[in-house]
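An overview of the molecular structure
Spelled out, the chains give:
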Amino acid sequence: MQYNLRLTLSKPLTQAEALNALTPIHRRCLLSHQLHRRLRVSMRNGKKRARSEPGTTKQPRNKYSDNPPDFASLASLYPSFKPFVFFSGGRARIDWTDYNATRELTRILLLHDHGVNWWIPDGQLCPTVPNRSNYIHWINDLLSSEVIQSLGGDGSKVKGFDIGTGANCIYPLLGASLFGWSFVGSDFTDVALEWAEKNVKSNPHISDLIEIRDSKVLPQSSSVPEVENCESELTIQEEAGLSPTVQSDYLVDDIKSYIEPAVLLGVVKENETFDFCMSNPPFFETFEESGLNPKTSCGGTPEEMVCNGGEQAFVSRIIEDSTVLRQKFRWYTSMLGKKANLKLLISKLWEVGVTIVKTTEFVQGQTSRWGLAWSFMPTARKIIAPPVVKKSVLSFMLEGIKRQYSAVDVLQSVEEFFKSCGASCKLNSSTFSVDIVASDDQCNSISKNGITDVDNVRSHGYDKQSLDGSSLQVPEDNLSFRILVFQQMPGTLLIKGSLQQKDCPLSGLFSVVFGSLEESLKSKFCR
């Protein structure tokens, strides 16, 4: 069924006037269409969206940081890639939902930019080279810092341990080709071990630097070091045929009773020391959860994607192993897919007596990941804590979002939340952000009223802000800040807020206002 709408206009309308002339339902549909269209273009193009807000992290030494892959140029150089490239809007693109396209892109990027031959069989997890490069460069930053003591010996020879290297073996291949590091890559499935070994042998110029180790088999020369003053010790259990599981309770005097596969204990040999370990842990608790994102296709087996308890449980196992191995590693590190897990894991790290904890955020296109690192090495210099200051950047996660809601709904609710107290708002659909200016009275109203009934905002007749590039006028002594919405994974969004005027007299209210927004959004959108 098709409807035609005819309007008779006495004069041309601006974009803002045209939007104001629409009914609330039509305006919502138009805005939703604009946001989804821009998101689809961004995802298909694979282009990194510019981010100017404070708190994000780029790796300047990552060659893809400001130079995303040129698909047209790569297609002209590599005929095997050409069938996957098409042109839309004058730009070369690939279909990110096509596993064969993403796998071929990874293959030619490793070959073209790193001189590495690579392949994986169907269904195995296909890594993105720019994202994985961020993690490698961050570890190089940690090793280059002087915040903790070195292991001794020749500092030019770096040795790393990749937990769950997978069939793709991406981290050892990147680390060896970029920095000449040596690696032990561990895994326990036959397919992963076979193809990781094939990828190493396909690169004779770095093959001597990489060892692939089966974590199912307890090496004959391995042992567990004794730990002084350790009141509780770890037992790792594994049911045959299932992905690794976590044993949350420590068992006294039973530290050698492992059941395969192991994480670090039982895989690290008696006389081995490493500069670092790294892990891209299973992010999900169920395999169904891992396949909910229809916009990308990276493959992945249950062993690669799923862990009982998710990434929090898996990284907890690394922490527990590190309390036994301690200074056998200079740095223990892991990537995380959920920022909400950082707080609990950091708290656990201080409880077990680490000397230092480091975190970072990896930003690549629409995707954010987090890095966590810790050490038991003595600090090389005294760490002076910075003075306590008011935070200018805050964030929280919306997890378990109800299926009927999308990022568009959340973005609109942010705008409506602040409009309900009379604040000025400007929604920018291209950056998924809302700029807000609020007075002292409006901030106090938000903090006192708690959750605001944002669903009734449309009927109150607040002035609509234009969606063009114009800036909001900020009266002196008013609070000005920006709220951004980032897609993390299916059912999860990151909400980030940043002060635009850090020296504003009302800046102390920012955390209170942001906390009220968090309460409102979680009440409405989360299960």
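Looking at an unreviewed UniProt entry, one finds the chain named U6 small nuclear RNA (adenine-(43)-N(6))-methyltransferase, with Arabidopsis thaliana x Arabidopsis arenosa as its source organism. In UniProt, the chain has this text filed under Sequence similarities (unreviewed entry): "Belongs to the methyltransferase superfamily. METTL16/RlmF family."

**A look at the overall build of the chain**
Of the regular secondary structure elements, the chain holds 14 helices and 14 strands. The 527 residues of the chain split such that 50% are buried. A separation threshold of at least 6 residues defines the contact pool for the chain, and within that pool the share at least 24 residues apart is 73%. In the form shown here, the chain has an accessible surface area of approximately 25,300 Å², with 49% of it arising from carbon and sulfur atoms.

**Regarding the pattern of salt bridges**
One pass over the full model with this rule turns up 13 salt bridges. One salt bridge in this structure joins Lys 419 and Glu 415, with 3.2 Å as the shortest N-O distance. On the criterion of helical spacing, the pair formed by Lys 419 and Glu 415 is a turn pair, its members being four residues apart in helix 12 (residues 407-419). In this structure Lys 419 comes out as buried when scored by relative accessible area, which is 5%.

**As for the packing of aromatic side chains**
Describing an aromatic ring pair means giving the distance of the ring centres and the angle of the ring planes. All chains considered together, the criterion is met by 22 aromatic pairs. With 6.2 Å between their ring centres and 85° between their planes, Tyr 332 and Phe 376 make a pair best called edge-to-face. With a gap of 44 residues between them, Tyr 332 in strand 7 (residues 329-336) and Phe 376 in the loop between strand 9 (367-375) and strand 10 (393-399) connect regions that are remote in the sequence. Note on accessibility: Tyr 332 and Phe 376 belong to one class, buried. One aromatic cluster is present, formed by Phe 161, Phe 274, Phe 329, Tyr 332, Trp 374 and Phe 376 through successive ring pairs.

**Some remarks on the confidence of the model for the chain**
Per-residue pLDDT for the chain has a mean of 75; in total, 65% of the residues score no lower than 70. Note that pLDDT drops below 50 for residues 1-7; the model gives that stretch zero contacts with residues more than four away or on any other chain.

**Comments concerning helix 5 (residues 129-144)**
The terminal C-alpha atoms of helix 5, which comprises 16 residues, lie 22 Å apart, in line with the 22 Å expected from a rise of 1.5 Å per residue. With 14 of 16 residues buried, helix 5 is to be regarded as a mostly interior element.

**Description of the pairing of strand 9**
Most of strand 9 sits out of view: eight of its nine residues are buried. Pairing of strand 7 with strand 9 involves five bridges; the strand directions are antiparallel. Paired with Tyr 332 across the two strands is Trp 374, which belongs to strand 9.

**Description of the sheet that holds strand 11 (residues 424-428)**
A sheet is described by the order of its strands in space; here five strands give the open sequence 10-14-13-12-11, paired in antiparallel fashion. Looking at the sheet topology across the chains shown, the edges are occupied by strand 10 and strand 11. Averaged over all pairs of adjacent strands, the angle between strand axes in this sheet comes to 20°, irrespective of strand direction.

**Some remarks on the nonpolar core**
Among soluble globular proteins, nonpolar side chains are generally buried collectively. Within the largest apolar cluster, 52 residues are counted, with the highest numbers of intra-cluster contacts made by Phe 81, Phe 276 and Trp 331. The element contributing the most residues to this core is helix 5, with seven residues. Aside from chain neighbours lying at most four places away, what touches Phe 276 is Ile 139, Leu 143, Val 158, Lys 159, Gly 160, Phe 161, Trp 181, Phe 183, Phe 329 and Trp 331. The next biggest cluster of nonpolar side chains, apart from the first, holds 35 residues, and it includes Ile 401, Phe 418, Cys 504 and Leu 521.

**Brief notes about the packing of helix 10 (residues 310-325) against helix 11 (residues 340-351)**
Close contact between helix 10 and helix 11 brings their axes to 11 Å; oriented N to C, the two are set at 20°. Here helix 10 lies roughly parallel to helix 11, going by the angle between them. Regarding helix 10 and helix 11, the two cross each other, and that crossing is right-handed. Of the residues in helix 11, those touching helix 10 at Glu 311, Gln 312, Val 315, Ser 316 and Ile 319 are Asn 341, Leu 344, Leu 345, Lys 348 and Leu 349.

**Topic: the environment of Leu 110**
Take Leu 110: it is sitting in helix 4 (residues 99-114). Classification of Leu 110 by relative accessible area gives buried; the value is 0%. Between the alpha carbons of Leu 110 and Val 129 there is a distance of 7.3 Å; along the sequence they are 19 residues apart.

**Focus on the pairing of strand 2 (residues 91-94)**
Taken together, the four bridges between strand 1 (residues 85-88) and strand 2 define a ladder with antiparallel strand orientation. Across the sheet, Val 85 pairs through a bridge with Ile 94, a residue of strand 2.

**Concerning helix 10**
Compared with an ideal rise of 1.5 Å per residue, which puts 16 residues at 22 Å, helix 10 spans 23 Å between its outermost C-alpha atoms and is within 8% of the ideal. Here helix 10 lies mainly inside the structure; 15 of its 16 residues are buried. One or two residues past the end of helix 10 sits Arg 326, with phi positive at roughly 45°.

**So, unusual backbone geometry**
Phi at Cys 169 is positive, roughly 50°, even though this residue is not glycine. For Cys 169, the position within the fold is in the loop between strand 3 (159-163) and helix 6 (170-179). Given a relative accessible area of 0%, Cys 169 falls into the buried group. The phi angle at Phe 432 is positive, at roughly 50°, despite the residue not being glycine. Positionally, Phe 432 belongs in the loop between strand 11 and strand 12 (433-438). Taking relative accessible area as the criterion, Phe 432 reaches 7% and is therefore assigned buried.

**As for the environment of Ile 212**
Mapped onto the fold, Ile 212 is located in strand 5 (residues 210-214). Judged by its relative accessible area of 15%, Ile 212 falls in the buried class. C-alpha of Ile 212 to C-alpha of Pro 172: the two residues are 40 residues apart in sequence and 9.6 Å apart in space. Apart from the residues lying within four places of it in its own chain, the contact partners of Ile 212 are Thr 165, Cys 169, Gly 185, Leu 193, Ala 196, Glu 197 and Val 200.

**With respect to the environment of Lys 82**
With respect to the helices and strands, the residue Lys 82 is situated in the loop between helix 3 (71-77) and strand 1. Separated by 19 residues in the primary sequence, Lys 82 and Ala 101 have C-alpha atoms spaced 9.8 Å apart.

Parameters and conventions
- Residues numbered from 1 in each chain as written.
- Predicted model: local features only at pLDDT ≥ 70, side-chain atom pairs only at ≥ 80, totals over all residues.
- Heavy atoms only, no water.
- UniProt positions renumbered as here; feature names shortened; annotations may be inferred.
- Helix = DSSP H or I, 4+ residues; strand = E, 2+ residues; numbered from the N terminus.
- Buried < 20%, exposed > 50% of the residue type's maximum accessible area, 1.4 Å probe, protein only.
- Contact = heavy atoms within 4.5 Å.
- Areas by Shrake-Rupley, 256 points an atom, 1.4 Å probe, with all protein chains shown as cover.
- Salt bridge = Lys/Arg side-chain N within 4 Å of Asp/Glu carboxyl O.
- Phe/Tyr/Trp six-rings, centres within 6.5 Å; stacked < 30°, edge-to-face > 60°.
- pLDDT = per-residue confidence, 0-100.
- Expected span 1.5 Å × (residues − 1).
- Pairing = 2+ DSSP bridges.
- Axes fitted to C-alpha atoms, helices over the stretch in contact; angles between N-to-C directions.
- Core = buried A, V, L, I, M, F, W, Y, C linked by side-chain atoms within 4.5 Å.
- Parallel < 35°, antiparallel > 145°, perpendicular 65-115°, else oblique.
- Left-handed = near helix turned anticlockwise from the far one by under 90°.

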